[in-house]
Amino acid sequence: MDRIGPLAARLLAELGPDRVISDRQELRTYECDGLTHYRVVPALAVLPRDQAELARTVRACADAGVPFVARGSGTGLSGGALPHAEGVLVVTSRMRAIIEVAPDDERAVVEPGVINLQVSQAAAPYGYYYAPDPSSQQICSIGGNVAENSGGAHCLKYGFTTNHVTGATVVTPDGDVVRLGGRAPDTPGYDLLGAFVGSEGTLGIATEVTVRLVRRPETVRTLLAAFRSTDQAGAATSAIIAAGVVPAAVEMMDALAIEAAEAAVNCGYPPGAGAVLIVELDGPAAEVQAQFAQVTALCEANDAFELRIAADDAERALFWKGRKSAFAAVGRISPDYIVQDGVIPRTALPQVLRRIGEVSAEHGVRVANVFHAGDGNLHPLVLFDDAVPGEAERAEQVSGAILDLCIEHGGSITGEHGVGVDKARYMPRMFTADDLDTMQLVRCAFDPDGLSNPGKVFPTPRLCGEVPGRRKGAHPAQEAGLAEVF
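Let me begin by describing the structure that accompanies this report.

Procedures and definitions
- Residues numbered from 1 in each chain as written.
- Predicted model: local features only at pLDDT ≥ 70, side-chain atom pairs only at ≥ 80, totals over all residues.
- Heavy atoms only, no water.
- Phe/Tyr/Trp six-rings, centres within 6.5 Å; stacked < 30°, edge-to-face > 60°.
- Helix = DSSP H or I, 4+ residues; strand = E, 2+ residues; numbered from the N terminus.
- Buried < 20%, exposed > 50% of the residue type's maximum accessible area, 1.4 Å probe, protein only.
- Lys NZ or Arg CZ within 6 Å of the ring centre and 35° of its normal.
- Pairing = 2+ DSSP bridges.
- Salt bridge = Lys/Arg side-chain N within 4 Å of Asp/Glu carboxyl O.
- Polar contact = N/O pair within 3.5 Å; in protein donor to acceptor, adjacent residues only side chain to side chain.
- Contact = heavy atoms within 4.5 Å.
- Axes fitted to C-alpha atoms, helices over the stretch in contact; angles between N-to-C directions.
- Parallel < 35°, antiparallel > 145°, perpendicular 65-115°, else oblique.
- Left-handed = near helix turned anticlockwise from the far one by under 90°.
- Expected span 1.5 Å × (residues − 1).

Tallying each qualifying case throughout the model produces 1 aromatic pair. Summarising the aromatic geometry, the rings of Tyr 129 and Tyr 158 are spaced 6.4 Å apart at their centres and angled 80 degrees between planes, so their arrangement reads as edge-to-face. Of this pair, Tyr 129 sits in strand 7 (residues 128-129) while Tyr 158 sits in helix 6 (residues 155-158), placing them 29 residues apart in sequence. For the residue pair Tyr 129 and Tyr 158, the accessibility class agrees, reading buried in each case. Directly above the ring of Phe 292 sits Arg 221, whose terminal nitrogen or CZ lies 4.2 Å from the centroid. Above the face of the Phe 305 ring, Arg 228 is positioned so that its terminal group lies 3.8 Å from the ring centre.

Dropping the structure here:
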């Protein structure tokens, strides 16, 4: 039965032709997010301009039983915004209003299409900024950041998106508009906002987000330390944290990542470095001065052969330029690459990085490492040439082996890029069948018909009337009378 035709007609009538895209060539614009390995052309795309239009769109999808997927700027790296071939792509890029900046409350209220960096620019005249800063902050949207619980270079000290969202207005999968949280730091009852942030679009779509603003620090100092090996740089990172110093950021790049950055942006990092650390401290001037002396001494004690201190904002920006461009930069040294994202304890950095090097050599696939060293969030870039037979398969094997390493060392298969469609198959490596079923009970409570971003996060659909996987019989929570299948 054709559901898209009548749905398209309804949306055209309610929203107008400038909001609805049905031409297949135009729809190809939206066939993937930042992870281009997966491509699906949606049956229909809708570009609402406000909350009312978005709610109408979702309600129409619910009435027709048609799945929908939300998309912001499309910078995601896990296929989280991959369209559904028989569904509607709801694009929030036109919802870009900064509704309010309230410095007295240290809050801002924005629509989901607002670009991350624009929040800081709007707050700057009041002496505030928005702390979460993904590498794509110049183009990624707040709605996408909320969906993926994005982090960034400064998440070591300031935390992830979930630590900076105090409220959200959400269109639920049946088209209702509800409010989660508010301006206050906490609200009574279950933390539904906490469940929503990072849910990857499976629980609904945010139409307004209330974010926490942070006062600009009195002083910012940035150090670049060059080491002969990642072992030394990893040891310096552990030593800094062990000393009780919590920098705003501790970022590491290995030799291959440095090579790519030099080719792309000519960042001028020390020649001969096997690894560089970028350490940034911020806060009261006296505190930063004392901590900076500690960090410098600890880098030297772990055999840093060159230290550079940013003399001004321009030099600081140059230090960060290489790091911020790293993902795109590897395109200069490899025709294809996989961006991986996993987490390990900081103390495991040397052995995990060493093992990644061994796995890389065993499979004949190069790996460039660039990551948030301070919180153990790895971003290995697995390089390959898809034109060479078998090389893409070997790259996938290396990518999976890296995630296995993260789990073996007590870490996670993702730190900030999300699970999406790309990592769903790895979820059973980290969670039991009971764990996954319990997670889906939450999803079912929000979306009993399974229309909101279906096929993401979970490897096998369960509950909500979906086809079960290898489980037989009732879910344990059902047997205990704690939940029911919708």
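Let's shift gears to the pairing of strand 20 (residues 380-384). Regular strands place side chains that alternate from one sheet face to the opposite one. Here strand 20 lies mainly inside the structure; 5 of its 5 residues are buried. Burial along strand 20 is two-sided: Pro 380, Val 382 and Phe 384 facing one way and Leu 381 and Leu 383 facing the other are all buried. Examined bridge by bridge, strand 16 (residues 336-339) and strand 20 share 4 bridges and lie antiparallel to one another. For Tyr 337, the partnering residue across the bridge sits in strand 20 and is Leu 383. Pairing between strand 18 (residues 367-372) and strand 20: 3 bridges, direction antiparallel. Residue pairing across strands places Ala 368 opposite Leu 381, the latter belonging to strand 20.

So, on to the pattern of salt bridges. Counted by the stated rule, this structure contains 20 salt bridges. A salt bridge links Arg 19 to Glu 53; the nearest nitrogen and oxygen atoms lie 2.8 Å apart. Of this pair, Arg 19 sits in the loop between helix 1 (4-15) and strand 1 (20-21) while Glu 53 sits in helix 3 (residues 51-64); the two residues are 34 residues apart in sequence, bridging distant segments of the chain. By relative accessible area, Arg 19 is classed as buried at 12%. Residue classification places Glu 53 among the buried positions, given a relative accessible area of 12%. Arg 183 is paired through a salt bridge with Asp 105; the nearest N and O atoms lie 2.9 Å apart. Of the two residues, Arg 183 sits in the loop between strand 9 (177-181) and helix 7 (192-196) while Asp 105 sits in the loop between strand 5 (98-102) and strand 6 (107-110), which places them 78 residues apart along the sequence. What makes Arg 183 partly exposed here is its relative accessible area of 33%. Under the relative-accessibility criterion, Asp 105 is labelled partly exposed at 41%. Counted as one network, the salt bridges with shared partners bring together Arg 10, Glu 14 and Asp 63.

When you line up the elements, Glu 251 lands in strand 13 (residues 249-254). The buried category is assigned to Glu 251, whose relative accessible area is 1%. A polar contact is formed between the side chain of Glu 251 and the side chain of His 372, at a distance of 2.7 Å. If sequence neighbours within four positions are ignored, Glu 251 has contacts with Ala 153, Val 276, Leu 277, Ile 278, Trp 320, Arg 323, Phe 371, His 372 and Ala 373.

If you trace the 4 strands from one edge of the open sheet to the other, you get 1-2-4-3, paired in mixed fashion. Each of the sheet's edge strands pairs with one partner strand only, and the pair in question is strand 1 and strand 3 (68-71). Bridge analysis of strand 3 against strand 4 (residues 88-91) gives 4 bridges, and the strand direction is parallel. The residue bridging Val 69 from the neighbouring strand is Leu 89, located in strand 4. Along the sheet, helix 1 contacts strand 1, strand 2 (44-46) and strand 4; its crossing angle with strand 2, the most-contacted strand, is approximately 20 degrees.

Turning next to the packing of helix 13 (residues 349-363) against helix 14 (residues 391-408). Taken N-terminus to C-terminus, the directions of helix 13 and helix 14 make an angle of 160 degrees; their axes are 10 Å apart at the nearest point. By the angle between their directions, the pair helix 13 and helix 14 is classed as roughly antiparallel. Regarding helix 13 and helix 14, the two cross each other, and that crossing is right-handed. Between helix 13, through Val 352, Arg 355, Ile 356, Val 359 and His 363, and helix 14, the contact on the second element is made entirely by Arg 394, Gln 397, Val 398, Ala 401, Ile 402 and Leu 405.

Along the chain, Glu 31 falls in the loop between helix 2 (24-27) and strand 2. Among the polar contacts listed, one links the side chain of Glu 31 to the side chain of Arg 39, at a separation of 2.7 Å. The contacts of Glu 31, once residues within four sequence positions are left out, are Tyr 38, Arg 39, Val 40, Val 41, Leu 82 and Pro 83.

The residue Ala 248 is located in the loop between helix 8 (230-242) and strand 13 in this model. Judged by relative accessible area, which is 0%, Ala 248 ranks as buried. Beyond its immediate sequence surroundings of up to four residues, Ala 248 is in contact with Ala 153, His 154, Cys 155, Leu 156, Lys 157, Tyr 158, Glu 280, Leu 281 and Asp 282.

This part covers unusual backbone geometry. In the Ramachandran plot, Asp 303 falls in the positive-phi region, its phi being about 70 degrees despite a non-glycine side chain. You can see Asp 303 is positioned in the loop between helix 10 (285-301) and strand 15 (306-309). With relative accessibility at 47%, the residue Asp 303 sits in the partly exposed group. Residues other than glycine seldom take positive phi values, yet Val 457 does so here, at roughly 75 degrees. Along the polypeptide, Val 457 turns up in the loop between helix 16 (433-446) and helix 17 (476-479).

Compared with the 26 Å implied by 1.5 Å per residue over 18 residues, the 26 Å span of helix 14 between its first and last C-alpha is a close match. Looking only at helix 14, the buried set comprises Glu 391, Ala 392, Ala 395, Val 398, Ser 399, Gly 400, Ile 402, Leu 403, Leu 405 and Cys 406.

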